[in-house]
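Residue-level listing of the chains:
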Amino acid sequence: METPMSCPAKDRRGSELFLSYAAGLMSASEHAAFERHLAACTDCWRIAAEQKRVWSALDVLAAPEIPTNFDERLYARIAAEERSPWWQSLLHHGASFRLSTAAPVAAACAALAVMLIMRTPHPAPAPVQPAPATATVNQKLDPSQIEQNLDDLDMLRQLTAPATEASNGQS
Amino acid sequence: MPFLTPQPFPDDRVDTDMTAAAACIERDADLMLRVREGDDVSFALLLEKHRRPVIHFLYRMVQNQAVSEELAQEVFLRVYKARLSYEPTAKFTTWLFRIASHLAINWLRDRRNERSQDSLDQPNADGTHVQVADTSLTREEEMIRQTRLAEVRRAIEALPPKQRAAVMMHKYREMGYAQIAKALNCSESAVKSLLFRAYETLRARLAHMV
Ligand SMILES: [Zn+2]
């Protein structure tokens, strides 16, 4: 004689059962045991019925057709980004840069440069070295792109690390 | 860029068959490694395979066609840009949905901050409402369907972004708790908690629907 299941409605871990039941993910024996409980428990019967209705109600949310030019647009964006070194995109944005905006920025840059020179220990700073060979790769990416790529790769690396409870319960 | 048109993949569902799934993982990672080596045809294959699920996920998240397409472009652009440093350390689709959910959640949070609820369920010119009429239904059936759709949209909109992402992956992608946890960068128990709370909200709002 199988022992009857404890009431899932009274057990937090039992919530999972309602989801599996509505999604049709239970094994035949789990399903049978769960239904036996539902027949005897009004609370669980109600939750299970509601979860089933929610599950099928969500089916109404169909997704749209994919636009035919999606790939074309993506490749155009990729081509544009691959083609433009970061300083070019700065120049591009600079076209709409007003002098009134540029002047304070330039002043701030100059002040920063002076500060840097004054703080630099002697001897005087070495002249800027020619870019190393690796710069041909980096040159393609602006600083925000590099940062964002690192973020995306971090997402990939984090996938291999165990998730922490620290991120629990955020909604 | 000489991209070829690959053969379409038959199904956008997460494969539950273990052998096929394993082959699939290897295949995606293998394709991505080839992209890293400069093979753009492999990128086209990955795009062909994952374009639909990514756009559909994003559409259900943001409920706006134009925005979902833009975000999907961003997802694939990011994948392409990250190719040079790609290492097959995790399932490709998990990484893909990690980027997609990250972008969608950020968009929803920004949007939530910047607006005082101009309701998403109202049809407008920016592609928010793209649900077309089902021509097989009578006028009355179509009206009922539209009413149900509006209710579902409102209920989904009531979910906080991360709960919404968990439901979208659980319901429409048939992803398991572990995979959703990886995509959302949290623990499995956190995912369960997100899902239980989300479905509780949805039950309160939608359970009367027959
Ligand atoms: Zn019970």
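The rules behind each value
- Residues numbered from 1 in each chain as written.
- Chains lettered and ligands numbered in written order.
- Predicted model: local features only at pLDDT ≥ 70, side-chain atom pairs only at ≥ 80, totals over all residues.
- Heavy atoms only, no water.
- Contact = heavy atoms within 4.5 Å.
- Buried area = accessible area lost by both parts, 1.4 Å probe.
- Salt bridge = Lys/Arg side-chain N within 4 Å of Asp/Glu carboxyl O.
- Polar contact = N/O pair within 3.5 Å; in protein donor to acceptor, adjacent residues only side chain to side chain.
- Helix = DSSP H or I, 4+ residues; strand = E, 2+ residues; numbered from the N terminus.
- pLDDT = per-residue confidence, 0-100.

## Description of the interface of chain B and chain A
The interface is formed by 73 residues belonging to chain B together with 50 residues belonging to chain A. Contact with chain A buries area across many residues of chain B, yet Q73, K81 and R203 of chain B alone supply 12% of it, more than any other trio. Our count for the chain B to chain A interface comes out at 9 salt bridges. E70 of chain B is the salt-bridge partner of R73 of chain A, the closest N and O atoms lying 2.5 Å from each other. Connecting chain B to chain A are 15 residue pairs in polar contact (both at pLDDT 80 or more). Of all the secondary-structure elements, those providing two or more residues to the side of chain B that touches chain A are α2 (40-62), α3 (65-81), α4 (92-114), α5 (139-157), α6 (161-172), α7 (177-184) and α8 (188-206) of chain B.

## Structural notes on the confidence of the model for chain B
All names here are of chain B. For chain B, mean pLDDT is 84; residues scoring 70 or higher make up 78% of the total. Taking the mean pLDDT of every element in chain B, the minimum, 78, falls on helix α1 (residues 18-36) and the maximum, 97, on α6. Note that residues 1-16 has pLDDT below 50 and, in this model, 35 contacts with residues that lie over four places away or in other chains. Scored as a complex, the prediction yields pTM 0.72 and ipTM 0.79.

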